Amino acid sequence: MTTANTALSPAKRRPVSWGNPLTYALALAVAAVSITPVIYVVIGGFRTTPQIVANPAALPDPWVFDNYIRVLTESNFWRQAFNSAVVSFGTTLGVVALGVSAAFVLARYTFRGREVLYTFFTLGLLFPAGAAILPLYLMLRDLSLINSYYAVILPQVAFSLPLTIVILRPFLSAIPRELEDAAAIDGTGRLGFLWRIMLPLSRPALVTVGILAFVTSWNAFLLPLLVLGDANLHTLPLGVQQFSSQYSSDTAGILAFTSLAMLPALLFFTFAEKQIVGGLQGAVKG
């Protein structure tokens, strides 16, 4: 028995893979590059400007909370946060509603030119949004939408639709036809099937596209800068730029304002990370 166990033991050993340590090291390096600037900005807000000038890489000594308190007590910050919330939630709602409607038609209906239409949407991923800024501004001006939430929400919805449809269509296509046939036998129409069955089953994908739309909209800078001339409609990214120009010598205050401006999107993305990973995996499998 001992000899047999000894003979079998080498077969039970797992081969050593030298690729794993390299993969982990690369992942840690990417994470460090991504997280370190965020940590630096957050911690920098707890320092004073002389401390940052004297030693930019040091920890706060002592920890100073005045910068964050000063930003939180400014009315401009909360007004800009409200504007960002309105624009981001409006964009997210539009992206999810229109995206799932278009993806449902492209996934469950058969008609001439369907794949051509889908290719047209995917080509939108290759179109840089910055190239459309000037004609987009002229169109919004002619529609009298400048200096309104719609001037930001509508273009952001349009630019987010290609990725949304690319993610949602595989999910909706993967749902078995038998479920649709059973629902039809029970008297459920296609819209009822979409609402009662497909949307709950596609929840990971819906959450994924919603979060991506929200974070992208929250961090948008160029489009709001061009179409929101009214300071009362400025979003937080514009507030950061305005605060930096007004208090250019207050480095610690700028870091505190920047930290608070990116905090909602960062928390939103962090808490929903698993949903995003699941949604993207489902889209790749589909």
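Residues numbered from 1 in each chain as written. Predicted model: local features only at pLDDT ≥ 70, side-chain atom pairs only at ≥ 80, totals over all residues. Heavy atoms only, no water.

Participant: Tell me about the packing of aromatic side chains, residues and numbers included.
Facilitator: Throughout the structure, instances matching the rule amount to 11 aromatic pairs. Between the aromatic rings of Phe89 and Phe214, the centroid separation amounts to 5.2 Å while the plane-to-plane angle is 55°, which identifies the pairing as tilted. Placement of the pair is Phe89 in helix α5 (residues 75-108) and Phe214 in helix α11 (residues 203-218), with a sequence separation of 125 residues. Judged by relative accessible area, Phe89 falls into the exposed class, the value being 53%. Judged by its relative accessible area of 5%, Phe214 falls in the buried class. Ring geometry for Phe243 against Phe257: centres 4.8 Å apart, planes inclined by 25°, an arrangement best described as stacked. Remark: Phe257 occurs in helix α14 (residues 251-271) and Phe243 occurs in helix α13 (residues 236-246); sequence separation between them is 14 residues. Take Phe243 and Phe257: they sit in the same class, and that class is buried. (Phe/Tyr/Trp six-rings, centres within 6.5 Å; stacked < 30°, edge-to-face > 60°. Helix = DSSP H or I, 4+ residues; strand = E, 2+ residues; numbered from the N terminus. Buried < 20%, exposed > 50% of the residue type's maximum accessible area, 1.4 Å probe, protein only.)

Participant: How would you explain unusual backbone geometry if you had to name every residue and give the values?
Facilitator: With an omega dihedral of 0°, the bond running from Asp61 to Pro62 counts as a cis peptide bond. Considering the arrangement of structural elements, one finds Pro62 in the loop between α3 (49-54) and α4 (66-72). For Ser144, which is not glycine, the phi torsion reads 60° and is therefore positive. Inspection of the secondary structure assignment puts Ser144 in the loop between α7 (133-142) and α8 (150-174). Backbone geometry places Asn147, a non-glycine residue, at a positive phi of 65°. Mapped onto the elements of the fold, Asn147 is located in the loop between α7 and α8. By relative accessible area, which is 36% here, Asn147 ends up partly exposed.

Participant: How would you sum up the pattern of salt bridges? Please name residues and give values.
Facilitator: Using the criterion set out here, one finds six salt bridges in the structure. A salt bridge links Asp142 to Arg141, with the shortest nitrogen-to-oxygen separation between them at 3.8 Å. Take Asp142: its relative accessible area is 58%, and that puts it in the exposed class. Relative accessible area serves as the criterion here: at 47%, Arg141 is assigned to the partly exposed category. Where salt bridges share partners, they join Arg108, Arg177 and Glu180 into one cluster. (Salt bridge = Lys/Arg side-chain N within 4 Å of Asp/Glu carboxyl O.)

Participant: Got a sec to walk through the nonpolar core? Specific residues and values, please.
Facilitator: Within the largest apolar cluster, 18 residues are counted, with the highest numbers of intra-cluster contacts made by Val71, Phe77, Leu236 and Phe257. Among the elements of the structure, α4, α5, α11, α13 and α14 are those that each provide at least two residues to this core. Counting residues per element, this core draws most heavily on α14, at six residues. If we skip the residues at most four places from it in the chain, Phe257 touches Val71, Phe77, Gln80, Leu236, Gly239, Val240 and Phe243. Of all hydrophobic cores here, the second largest spans 17 residues; its members include Ala107, Ile167, Ile175 and Leu206. (Core = buried A, V, L, I, M, F, W, Y, C linked by side-chain atoms within 4.5 Å. Contact = heavy atoms within 4.5 Å.)

Participant: Got a sec to walk through the packing of helix α6 (residues 114-123) against α8? Specific residues and values, please.
Facilitator: When two helices pack together, their arrangement is given by the angle between the helix axes and by the axis-to-axis distance. Relative to each other, α6 and α8 sit at 130°, their axes nearing to 8 Å. Classed by the angle they form, the pair α6 and α8 counts as oblique. When α6 is examined against α8, the residues Arg114, Glu115, Tyr118, Phe121 and Thr122 are found in contact with a partner set consisting of Pro162, Ile165, Val166 and Arg169. Of the residues assigned to the contact of α6 with α8, the class counts are five nonpolar, one polar and three charged. (Axes fitted to C-alpha atoms, helices over the stretch in contact; angles between N-to-C directions. Parallel < 35°, antiparallel > 145°, perpendicular 65-115°, else oblique. Nonpolar A, V, L, I, M, F, W, Y, C, P; charged D, E, K, R; others polar.)

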